[in-house]
Amino acid sequence: MKNTLKAGQFRILIYKGNEGYVGICYETGTVDIWPTIEETKKHLLDGAMATIESVQKGDLNIKALNQKPEIKYRVLFHILPILFATMMAD
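In every chain, residue numbers begin from 1 and rise along the written sequence. Totals for whole chains, interfaces and linings use every residue, but because this is a predicted model, local features are given only for residues with pLDDT of at least 70 and side-chain atom pairs only at 80 or more, for both listing and counting. Hydrogens and waters are ignored; side-chain quantities use all the structure's heavy atoms.

Caption draft 1: View of the overall build of the protein chain. Numbering of helices and strands starts at the N terminus; helices are DSSP runs of H or I of at least 4 residues and strands are runs of E of at least 2. Counting secondary structure elements, the protein chain contains two helices and three strands. Residues classed as buried in the protein chain amount to 24% of the 90 residues present. Across the protein chain, every contact between residues at least 6 apart in sequence was considered, and the portion connecting residues at least 24 apart equals 43%. When the accessible surface of the protein chain is summed, it comes to about 6300 Å², and 58% of that surface belongs to carbon and sulfur atoms. Counting rule applied: Lys, Arg positive; Asp, Glu negative; His and chain ends not counted. We put the charge of a Lys on NZ, of an Arg on CZ, of an Asp on CG and of a Glu on CD. Put simply, the protein chain has 11 plus and 10 minus side-chain charges, and the middle of one group is 9 Å from the middle of the other. Any residue under 20% of the maximum accessible area for its type is buried, any over 50% is exposed, and the rest in between are partly exposed; the area is computed with a 1.4 Å probe on protein chains only. Should any heavy atoms of two residues lie within 4.5 Å, those residues are considered in contact. Method for areas: the Shrake-Rupley scheme with a 1.4 Å probe, in which residue coverage is limited to the protein chains shown.

Given below as structure tokens:
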């Protein structure tokens, strides 16, 4: 599904990294690292809202609502939930 100004979704994934909690917002391509899960989530959500507002104002192109993170984060975004589910099933 492509995000538009009328409808869309922003998926996030947060995991514990070496330097803190790494958050990925798949649709904006944003990757943030913060000391806590709460800070990471807040910054990702604030960033997604700022992106929407900037597109609405015309400061950013509509394509900003459908960016992708770097390839290593795209892989993690799809692989980590599978690994976690597998570990929980054992």
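Caption draft 2: Representation of the packing of aromatic side chains within the structure. Only Phe, Tyr and Trp rings are paired, with Trp represented by its six-membered ring, and only when their centres lie within 6.5 Å; those with planes under 30 degrees apart are stacked, over 60 edge-to-face, the remainder tilted. The final tally for this structure, using the stated rule, is one aromatic pair. Pairing Tyr26 with Phe77 gives two aromatic rings, centres 4.8 Å apart and planes at 40°, and the pair type is tilted. Placement of Tyr26 in the loop between β2 (20-25) and β3 (30-34) and of Phe77 in helix α2 (residues 71-89) is noted, with a sequence separation of 51 residues between them. Across this residue pair, the class does not change: Tyr26 and Phe77 are buried. Any Lys NZ or Arg CZ that is within 6 Å of a ring centre and within 35 degrees of that ring's normal is treated as a charge sitting over the ring. Lying across the ring of Tyr21, Lys16 places its NZ or CZ 5.0 Å from the centre.

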